[in-house]
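# A closer look at the structure
So you can see what is in the structure, the chains are spelled out below.
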Amino acid sequence: MTATAATLKAQRAAHPSKQGTTKVKLGASDYVLRGISYLVVSVFTLFCLLPFVLIISASFSSEAAIMRDGFGLWPKEFSTEAYQFIFRFPRMIIGSYVVTILMTVFGTLIGLFVIAMTGFALQRRDFPYRNHISFFIYFTTLFSAGLAPTYLWVTQVLHLGGTYMAVFLQLLMTPWLIILMKNFARSVPFEIVESGKLDGAGDFRIFLQLVLPMLKPALATVGLFLALGYWNEWYLSSLYLGSAVEFKPLQYYLYNVVNTANALKNSVAGANVTITQLPSNTLKMATAVVATGPIILLYPFVQKYFVTGLTVGAVKG
Amino acid sequence: MATQAIMTDLEGPPTRRRSLGSRLYQARMLLIMCLPAIIFFLVFSYGPLPGSYVAFTNYNYRDGIFGSPFVGLKNFEFLIKSGQLWLLTRNTILYNVAFIVLGNILQIALAIMLNEIRLKYFKKVSQAIMFLPYFISVVLIGVIAFNLLNYDTGAINALLQQAGGDPIKFYSIVGIWPVIIILFQLWQSTGYGSIVYFAAIMGIDGSMFEAAAVDGASAWQRIRYIILPSLKPTFIILLLFALGGIMRGNFGLFWNLIGNNAALFPTTDIIETSVYRMIMSQNNFTMSTAVGLYQSLFGFALVMLCNWIVRRMNPDYALF
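Just so you know, these numbers come straight off a predicted model, no measurement behind them.

### Focus on the overall build of chain B
Broken down by element type, chain B carries 16 helices and zero strands. Since a compact globule built from 320 residues should have a radius of gyration of about 20 Å, the 25 Å found for chain B marks it as more spread out than a globular shape. Reported as C-alpha extents along the three principal axes, the dimensions of chain B are approximately 80 × 75 × 35 Å. In chain B, which comprises 320 residues, the proportion classed as buried is 52%. The contacts of chain B with a sequence gap of at least 6 include a subset with a gap of at least 24, amounting to 64%.

### A short note on the overall build of chain A
Counting its secondary structure elements, chain A contains 16 helices and zero strands. Split into buried and exposed, the 317 residues of chain A put 56% on the buried side. Of the contacts formed within chain A by residues at least 6 apart in sequence, a portion of 73% connects residues at least 24 apart. For chain A, the exposed surface amounts to about 13,800 Å²; the carbon and sulfur share of it is 68%.

### A word on the side chain of B:S68
One can find B:S68 in the loop between helix 4 (64–67) and helix 5 (74–81). Ignoring anything within four residues of it in the chain, the contact list for B:S68 reads B:T57, B:N58, B:Y59, B:N60 and B:D63.

### Let's talk about the packing of helix 5 (residues 91–122) of chain A against helix 11 (residues 203–214) of chain A
Residue and element names in this part refer to chain A. Axis separation between helix 5 and helix 11 bottoms out at 11 Å; the angle between their running directions is 105°. In terms of orientation, helix 5 lies roughly perpendicular with respect to helix 11. Side by side, helix 5 and helix 11 meet where F113, A116, M117 and F120 of the first sit next to D203, F204, I206, F207, L208, V211 and L212 of the second. Each residue belonging to the contact of helix 5 with helix 11 can be placed in one class, and the counts come to ten nonpolar, no polar and one charged.

### Concerning the interface of chain B and chain A
With 121 residues of chain B at the interface, the matching set in chain A holds 116 residues. In total, about 10,900 Å² of surface goes out of reach between chain B and chain A, with carbon and sulfur atoms giving 74% of it. Viewed at the interface, chain A and chain B are joined by two salt bridges. The residue A:D30 makes a salt bridge to B:R222 at a minimum N-O spacing of 2.6 Å. Element by element, the count of residues in the side of chain B that touches chain A is highest for helix 3 (residues 28–46) of chain B, at 15 residues.

### Overview of the packing of aromatic side chains
Under the definition given, this model contains 42 aromatic pairs over all chains. Both rings, one in A:F136 and one in B:Y46, keep their centres 4.5 Å apart while their planes meet at 10°; by these two values the pair is stacked. Of this pair, A:F136 sits in helix 6 (residues 130–142) while B:Y46 is found in helix 3, placing the two residues in two different chains. Above the plane of the ring of B:Y151 lies B:K169, whose end atom (NZ or CZ) is 5.2 Å from the centre. The positively charged end of B:R277 is found above the aromatic ring belonging to B:F265, 3.8 Å away from the centroid.

### Things to note about the UniProt feature "transmembrane region" (unreviewed entry) in chain A
UniProt tags residues 35–60, 97–121, 133–152, 164–185, 206–231 and 285–302 of chain A as "transmembrane region" (unreviewed entry). Within the segment residues 285–302 of chain A, helix and strand shares are 100% and 0% respectively, and the terminal C-alpha atoms sit 25 Å apart.

### Re a nonpolar patch on the surface
All names here are of chain A. On the surface, a nonpolar cluster with roughly 710 Å² of combined accessible area is contributed by I94, V98, I101, L102, V105, F106, L109 and I110. In this fold, V105 is placed in helix 5. The class of V105 is partly exposed, set by a relative accessible area of 41%.

### A look at helix 9 (residues 175–185) of chain A
Counting buried positions along helix 9 of chain A yields ten of eleven residues, so the element is predominantly enclosed. For helix 9 of chain A, the complete set of buried residues consists of A:P175, A:L177, A:I178, A:I179, A:L180, A:M181, A:K182, A:N183, A:F184 and A:A185.

### A look at the side chain of B:N256
Locating B:N256 in the fold gives a position in helix 13 (residues 251–258). Contacts of B:N256, omitting those with residues within four sequence positions, involve A:W234, A:Y255, B:V138, B:V139 and B:G142.

### Some thoughts on the environment of B:I258
Residue and element names in this part refer to chain B. Relative to the elements of secondary structure, I258 occurs in helix 13. The buried category is assigned to I258, whose relative accessible area is 9%. Note: C-alpha distance between I258 and Y171 (87 residues apart in sequence) is 8.4 Å.

### Notes on the confidence of the model for chain A
Scored by pLDDT, chain A has a mean of 84; 87% of the residues are at 70 or more. When the criterion is pLDDT under 50, residues 1–22 of chain A qualifies, and its contacts beyond four places in sequence or with other chains add up to 48 contacts.

### A closer look at unusual backbone geometry
Here A:E77, not a glycine, exhibits a phi torsion of approximately 50°, which is positive. You can see A:E77 is positioned in the loop between helix 3 (63–69) and helix 4 (81–88). Its relative accessible area of 44% is what places A:E77 among the partly exposed residues. Here B:N283, not a glycine, exhibits a phi torsion of approximately 55°, which is positive. Tracing the backbone through its elements, the reader meets B:N283 in the loop between helix 15 (271–280) and helix 16 (285–313). A relative accessible area of 55% places B:N283 in the exposed class.

So, how was this worked out
- Residues numbered from 1 in each chain as written.
- Chains lettered and ligands numbered in written order.
- Predicted model: local features only at pLDDT ≥ 70, side-chain atom pairs only at ≥ 80, totals over all residues.
- Heavy atoms only, no water.
- Helix = DSSP H or I, 4+ residues; strand = E, 2+ residues; numbered from the N terminus.
- Rg over C-alpha atoms; globule rule 2.2 N^0.38 Å.
- Buried < 20%, exposed > 50% of the residue type's maximum accessible area, 1.4 Å probe, protein only.
- Contact = heavy atoms within 4.5 Å.
- Areas by Shrake-Rupley, 256 points an atom, 1.4 Å probe, with all protein chains shown as cover.
- Axes fitted to C-alpha atoms, helices over the stretch in contact; angles between N-to-C directions.
- Parallel < 35°, antiparallel > 145°, perpendicular 65-115°, else oblique.
- Nonpolar A, V, L, I, M, F, W, Y, C, P; charged D, E, K, R; others polar.
- Buried area = accessible area lost by both parts, 1.4 Å probe.
- Salt bridge = Lys/Arg side-chain N within 4 Å of Asp/Glu carboxyl O.
- Phe/Tyr/Trp six-rings, centres within 6.5 Å; stacked < 30°, edge-to-face > 60°.
- Lys NZ or Arg CZ within 6 Å of the ring centre and 35° of its normal.
- UniProt positions renumbered as here; feature names shortened; annotations may be inferred.
- Patch = residues over 30% accessible without salt bridge, like charges linked within 9 Å, V, L, I, M, F, W, Y side chains within 5 Å.
- pLDDT = per-residue confidence, 0-100.

Structural data, given as structure tokens:
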């Protein structure tokens with residue numbers, strides 16, 4: 001990731017002009033390439049979209065039709081049976097939603113604040129030891145304790161096993177996001193800091209009132225990656241939460257519904273049916289749609305920051 | 001380790017040299033602002049490091065990490081003799097090689113083609129859709145695989161049966177999974193990964209294309225002699241950094257596709273999934289720590305080596 005941005009920056013600096021400014025007569029090979037390009041890009045785009053269509057269609061099919069004909073691209077015998085099951089006994093999924101939303105909102109806000117503060121301080125050239133602190137943070141990406149020592153540490157020393165905190169705290173920040181923020185903060189002119197100092201403002205006030213408003217695009221980008229981390233989290237939950245909590249984070253909830261028959265049944269606890277009477281195929285697909293839905297709806301609005309994260313990217317720590 | 005380049009680059013404005021203590025006191029607020037992050041990494045990244053000692057013990061819960069009997073290198077000996085370490089290393093590296101080679105080829109091809117697209121709206125929409133797979137949780141990938149591949153109701157088997165063929169038991173064919181895993185990995189990351197190459201193509205000096213067109217160069221010559229050479233530095237740097245991470249696997253992808261399906265392990269078990277299982281289903285902290293330590297050390301050496309090569313080629317791109 002890091003090399004990427006450096007490369008891009010160097011190349012942009014070398015060739016600021018963009019191509020395609022003049023009209024030159026196109027040869028036959030140009031038209032062939034262009035034709036192939038439209039075709040391949042279209043096919044690849046469809047290929048990316050297809051699995052989503054499969055899942056949504058399946059969720060709106062009747063279980064009987066799926067059992068008979070299998071999954072397909074179009075809904076088979078259109079039915080909202082699976083959604084009715086979910087929303088008639090919505091206790092579990094609502095609980096998961098509440099847990100995930102709370103974690104995402106507070107995790108993103110707190111993480112963003114700490115990351116912004118750190119990124120701002122670490123690029124201040126009048127801050128002694130900034131390079132040492134940067135390396136202290138960066139080193140964790142080079143060498144880390146494996147999963148086993150971390151697991152022992154978190155459960156037996158910090159005693160966080162079975163608590164939401166085990167998940168919430170570990171997702172608060174990553175070295176990469178701090179470096180990303182640091183690079184964004186570098187674009188804030190040092191004169192801003194100096195003018196603040198002349199006015200007698202302390203470092204924290206300079207950060208909060210002068211620098212933070214200038215970092216809005218950075219906050220959006222880093223915030224997006226943090227929020228995505230919380231929303232898509234299932235891994236730490238599977239390690240530290242297991243079945244210790246009643247309401248699992250959304251993706252871990254989905255993971256269980258898909259992979260264990262028991263969780264599938266519990267997901268509609270209250271429905272007086274046996275596991276064989278459940279529309280298990282369509283129920284899994286509908287749960288996937290419900291668990292993914294909101295993030296896909298938000299996607300068009302945040303996509304631009306998603307790209308910034310890669311292209312502005314991180315230069316070396 | 002931080003480079004002198006950075007040091008000189010960021011040398012502050014010419015101020016009077018004061019003692020370090022007073023300079024630190026001056027910057028106390030900045031230090032306090034860094035404190036939450038420092039504490040975070042101290043607690044969650046550095047805290048577990050001493051626990052790696054478990055790799056040299058016969059760990060038991062009662063005696064704890066430093067009370068359990070010391071056994072030296074016995075655990076590593078066992079892992080090597082049983083062939084497990086070799087199998088995991090081979091799988092992890094081979095998968096990464098496939099991801100790197102196929103991933104880069106597809107990303108470059110896609111970037112070149114995206115650059116040919118002139119309809120603005122078409123480009124915008126298709127790019128947005130291509131990034132979408134990278135955006136979703138890996139659990140959903142497991143759901144997609146179930147939808148496509150399960151024996152009774154899977155979409156592919158449904159198609160096969162409609163065409164008069166026999167359904168395939170994907171989840172018990174060992175040899176087919178490397179292909180499936182690689183396809184899913186490419187599906188998820190090709191679109192997003194192409195951004196880097198696309199941006200590099202956008203950065204090529206336009207006058208080169210004009211000159212080529214005036215000389216009557218064909219589209220293929222344009223790709224061969226202008227675009228591909230321009231992408232070479234980006235490619236080499238990305239390649240070297242990918243090589244540095246070649247011992248690390250994409251746990252989420254493998255786990256959500258394979259899970260506990262032991263029949264598929266010979267071709268699908270990587271270091272991460274094996275360690276996870278040792279902890280979660282066997283409570284075996286000794287072996288899992290040993291494997292993890294081996295992975296960390298090997299990986300660290302690789303990153304150092306690759307960074308050294310990058311630095312020799314172009315110090316600007318080096319990580320440190």
